[in-house]
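An overview of the molecular structure
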Amino acid sequence: MTTSNTLPSRRLSVAPMMDWTDRHCRVFHRQITRHTWLYTEMVTTGALVYGDVARHLDFSEVEHPVALQLGGSEPADLAKSAKLGEQWGYDEINLNCGCPSERVQKGAFGACLMNEPQLVADCVKAMRDAVSIDVTVKHRIGIDHIETYDFVRDFVGKIAEAGCNTFIVHARNAILKGLSPKENREIPPLKPEYAYQLKRDFPQLEIIINGGIKSLEEIDAHLRHVDGVMLGREAYHNPYLMASFDTRYYGDEAAPKSRAQVIEAMVPYIREQLARYGNNGTGLRLNSITRHMLGLMAGLPGARGFRQTLSDSRKLASGDPALLLEALARMQPLAA
């Protein structure tokens, strides 16, 4: 299964990450890669049904292709939220069935939904009936001490019957009690072979693997078995890894932006955002954007000075995006 002809495939994507993949982060990532799919932080249905829709759904046109991840377990609320997402221009609606945090569990969604495949199927069907864009599911391979492949196979099979064609498989268990979300990303062992087996058992489905992927070599190895790879923290902490994605995985022959060009492209965006929202306690702080850029020089001599400049509270308080150029100057001539 592939996406619309007008959109690139989900061969590469950046995972939804709470407090990280906000709209400013996604604009920054888009300067590095044109075709990689970007995902929002999880947005709960309650935030959209009862809250400030514009605050949660506003994004920049440059972000496409971009998917909205929803958290919820009520089919009617998910359908309403998915419809809002489509109306706001998102390219995909993704249902979170993988987050293990206790806060999410109290809302009866996230990874605990894997215990209720029929409910997830009902949720997917309700969203598919409400929108014309793709509805996808992100999930784990098991929960707590349920570690058999049969569990995730039966879960995917049930949801596929409801019309979901794309599954993003975080290839480790979610431990619902006793581990923090951070520990849940590190302690349960990765089992990529489960994702590979899903692709063999459901060749008609689009299977995307997620979890602990850090290098081009690992991406290449996974793509021999599944349709796509989703990066999480490596994309955030070492974003320039994505500079080769367009050529390597999408056949785009255009040269990627250098690190310096990425920074230069962000300056007018920051000026526009500060002009729109202001740089103050009630508006937009410069740090809200620059904090996502700290890893741009990862691995290069001088990266520490770059980070220090971008983290200077006094300079950030001035609200002058020239701070980016000052940080870049500390890297010259290495940033080109």
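It should be emphasised that the depicted structure is a prediction, and the values quoted were computed from it without experimental measurement.

This part covers the layout of surface pockets. In this structure, the largest pocket occupies an estimated 840 Å³ of space. In terms of lining residues, the largest pocket is bounded by 35 residues, among which P16, M17, H170, R185 and R233 are the most central. If one sorts the elements of the lining of the largest pocket by residue count, strand β6 (residues 134–143) sits on top with three residues. A class-by-class count of the residues in the lining of the largest pocket yields 14 nonpolar, ten polar and eleven charged.

This part is about the packing of helix α1 (residues 23–32) against helix α13 (residues 259–277). Two numbers describe how α1 lies on α13: the axes approach to 9 Å, and their chain directions differ by 155°. Our classification of the angle between α1 and α13 gives roughly antiparallel. At the point where α1 passes α13, the crossing takes the right-handed sense. Judged by residue contacts, R23, H24, V27, F28, Q31 and I32 of α1 engage V262, A265, M266, Y269, Q273 and Y277 from α13. Class assignment for the residues of the contact of α1 with α13 results in eight nonpolar, three polar and one charged.

So, about the environment of A54. Along the chain, the position of A54 falls in helix α3 (residues 53–57). What makes A54 partly exposed here is its relative accessible area of 37%. In this structure the C-alpha to C-alpha distance between A54 and N210, which are 156 residues apart in sequence, comes to 29 Å.

On to the pattern of salt bridges, then. Within this structure, the stated rule accounts for 18 salt bridges. The shortest N-O distance in the salt bridge between E206 and R10 comes to 3.0 Å. With a gap of 196 residues between them, E206 in strand β8 (residues 206–210) and R10 in the segment before β1 (12–14) connect regions that are remote in the sequence. This pair shows no difference in class: E206 is buried, exactly as R10 is. Across the salt bridge formed by K199 and D227, the nearest N and O atoms sit 2.8 Å from each other. With K199 in helix α9 (residues 192–201) and D227 in the loop between α10 (216–223) and β9 (228–231), this pair connects stretches of sequence that are 28 residues apart. Taken together, the shared-partner salt bridges connect R10, E92, D134 and E206 into one network.

Another aspect to go through is the pairing of strand β4 (residues 66–71). The element β4 is largely enclosed, with a buried count of six among its six residues. Going residue by residue along β4, you find V66, L68 and L70 tucked away on one face and A67, Q69 and G71 tucked away on the opposite face as well. Two elements, strand β2 (residues 37–39) and β4, share two bridges in a ladder whose sense is parallel. Within the sheet, the bridge partner assigned to Y39 lies in β4 and is A67. Bridge analysis of β4 against strand β5 (residues 92–97) gives four bridges, and the strand direction is parallel.

This paragraph deals with the packing of α13 against helix α17 (residues 322–329). Close contact between α13 and α17 brings their axes to 9 Å; oriented N to C, the two are set at 165°. With respect to their mutual orientation, α13 and α17 come out roughly antiparallel. Between α13 and α17 lies a crossing whose hand is right-handed. In contact with A260, I263, E264, M266, V267 and I270 of α13, α17 contributes L324, L325 and L328. Residues belonging to the contact of α13 with α17 are distributed by class as follows: eight nonpolar, no polar and one charged.

Turning our attention to the environment of L198. Relative to the helices and strands, L198 is located in helix α9. With a relative accessible area of 0%, L198 lands in the buried category. Remark: the alpha-carbon pair of L198 and F167, spanning 31 residues in sequence, is separated by 9.6 Å. Once residues lying within four places of it in the same chain are set aside, the contact partners of L198 are Y149, V152, R153, V156, V169 and I207.

What follows concerns the packing of aromatic side chains. Under the definition given, this model contains four aromatic pairs. Ring geometry for Y149 and Y194: centres 5.7 Å apart, planes at 80°, overall edge-to-face. With a gap of 45 residues between them, Y149 in helix α7 (residues 149–161) and Y194 in helix α9 connect regions that are remote in the sequence. For Y149, a relative accessible area of 15% gives the class buried. The ring of W37 is capped by R10, whose NZ or CZ atom sits 5.0 Å from the centre of that ring.

Calculation criteria
Residues numbered from 1 in each chain as written. Predicted model: local features only at pLDDT ≥ 70, side-chain atom pairs only at ≥ 80, totals over all residues. Heavy atoms only, no water. 1 Å grid on protein atoms, 1.4 Å probe; cavity = no way out; pocket = protein on both sides within 12 Å on 5 of 7 lines; lining within 4 Å. Points joined across faces, edges and corners; volume = space filled by probe spheres on them. Helix = DSSP H or I, 4+ residues; strand = E, 2+ residues; numbered from the N terminus. Nonpolar A, V, L, I, M, F, W, Y, C, P; charged D, E, K, R; others polar. Axes fitted to C-alpha atoms, helices over the stretch in contact; angles between N-to-C directions. Parallel < 35°, antiparallel > 145°, perpendicular 65-115°, else oblique. Left-handed = near helix turned anticlockwise from the far one by under 90°. Contact = heavy atoms within 4.5 Å. Buried < 20%, exposed > 50% of the residue type's maximum accessible area, 1.4 Å probe, protein only. Salt bridge = Lys/Arg side-chain N within 4 Å of Asp/Glu carboxyl O. Pairing = 2+ DSSP bridges. Phe/Tyr/Trp six-rings, centres within 6.5 Å; stacked < 30°, edge-to-face > 60°. Lys NZ or Arg CZ within 6 Å of the ring centre and 35° of its normal.

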